[in-house]
Amino acid sequence: MYKKHSIEERLLAVQKCLEGYAPRGVGRMLGIKEHYVSEWFDRYRQNGIAGLQKRPNKHADFAEKCKIVCEYAEKSVPLHRVCAKHHVSQSSVSRWTAAYRKGGYDALRAIKEPGKGRKGMGRPKKQEPQTELERLRYENEYLRAENALLKKVRALVEEREKRLHEIGRKPSKH
């Protein structure tokens, strides 16, 4: 499960790195994954405290994805450095690299960003009744359902009272 780290946690990790601790040691000391500490340290060196702030989502085009994947997969630049330099998430670069390794650079064209094009998913919102007749039908249906529910509750209560009476106990008043 992913845990969001506060700006204070990020600053503390960077401060420890500036004091001479290795990112791995800082990660162990603070209970944070090493790659986060490395990424934060690189972002801090490039942009100062502003580099540690939450960044807006960036949508890379095909050319930019190719450039980033080339840097990471072919030139062996560490993932956290590539992410800090291009202001993209590690998960995006990993997803693009996997697609590149499967189908080359052309596979990067076909990648859809998560969350895009899923508007048809989920339960559709109920529309408010348009006419007086529709409103009355809706209200009637609602009242029937409520009535059926109350009958079911009453039947369950009576059944429980009957069982308790058979075994010689009095039902509670609750």
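Refer to the structure presented above.
Here the structure is a predicted model, which is why all the values come from computation and not from measurement.

Engineer: When you look at the nonpolar core in this model, what are you seeing that I'm missing?
Structural biologist: For soluble globular proteins, nonpolar side chains are generally found buried alongside one another. Counting 14 residues, the largest nonpolar core has I68, V69, V88, V93, W96, L108 and I111 as its most contacted members. Of all the elements in the fold, those that place two or more residues in this core are α4 (62-74), α5 (79-86) and α6 (90-103). Among the elements that line this core, the one with the most residues is α6, at four residues. Among residues more than four places away in sequence, those in contact with V69 are E74, W96, T97, Y100, Y105 and L108. In terms of nonpolar packing, the next biggest core, distinct from the first, is built from ten residues, V14, W40, F41 and L52 among them.

Engineer: Would you mind going over α6 with me for this structure?
Structural biologist: Residue pairs spaced three or four apart in an α-helix point in one direction, given the helix's 3.6 residues per turn. Here α6 is 14 residues long and its end C-alpha atoms lie 20 Å apart, about the 20 Å a rise of 1.5 Å per residue gives. Those residues of α6 that fall on the buried side of the exposure criterion are Q90, S92, V93, W96, T97, A99 and Y100. One or two residues past the end of α6 sits G104, with phi positive at roughly 75°.

Engineer: Explain the pattern of salt bridges to me, please; I cannot follow it from the model alone.
Structural biologist: Close approach of charged atoms allows side chains with opposite charge to pair. Throughout the structure, instances matching the rule amount to seven salt bridges. Note that D42 is salt-bridged to R45, the shortest N-O span being 2.5 Å. Of this pair, D42 and R45 both sit in helix α3 (residues 34-47), three residues apart, which is roughly one turn of the helix. Between E132 and R135 there is a salt bridge whose closest N-O contact spans 2.7 Å. One end of the pair, E132, and the other, R135, are both in helix α8 (residues 132-166), three residues apart, so they sit about a helical turn from each other. Overall, E132 belongs to the partly exposed group, its relative accessible area being 48%. Residues joined by salt bridges that share partners form a network here, namely D42, R45 and R81.

Reading guide: rules and limits
- Residues numbered from 1 in each chain as written.
- Predicted model: local features only at pLDDT ≥ 70, side-chain atom pairs only at ≥ 80, totals over all residues.
- Heavy atoms only, no water.
- Core = buried A, V, L, I, M, F, W, Y, C linked by side-chain atoms within 4.5 Å.
- Buried < 20%, exposed > 50% of the residue type's maximum accessible area, 1.4 Å probe, protein only.
- Helix = DSSP H or I, 4+ residues; strand = E, 2+ residues; numbered from the N terminus.
- Contact = heavy atoms within 4.5 Å.
- Expected span 1.5 Å × (residues − 1).
- Salt bridge = Lys/Arg side-chain N within 4 Å of Asp/Glu carboxyl O.

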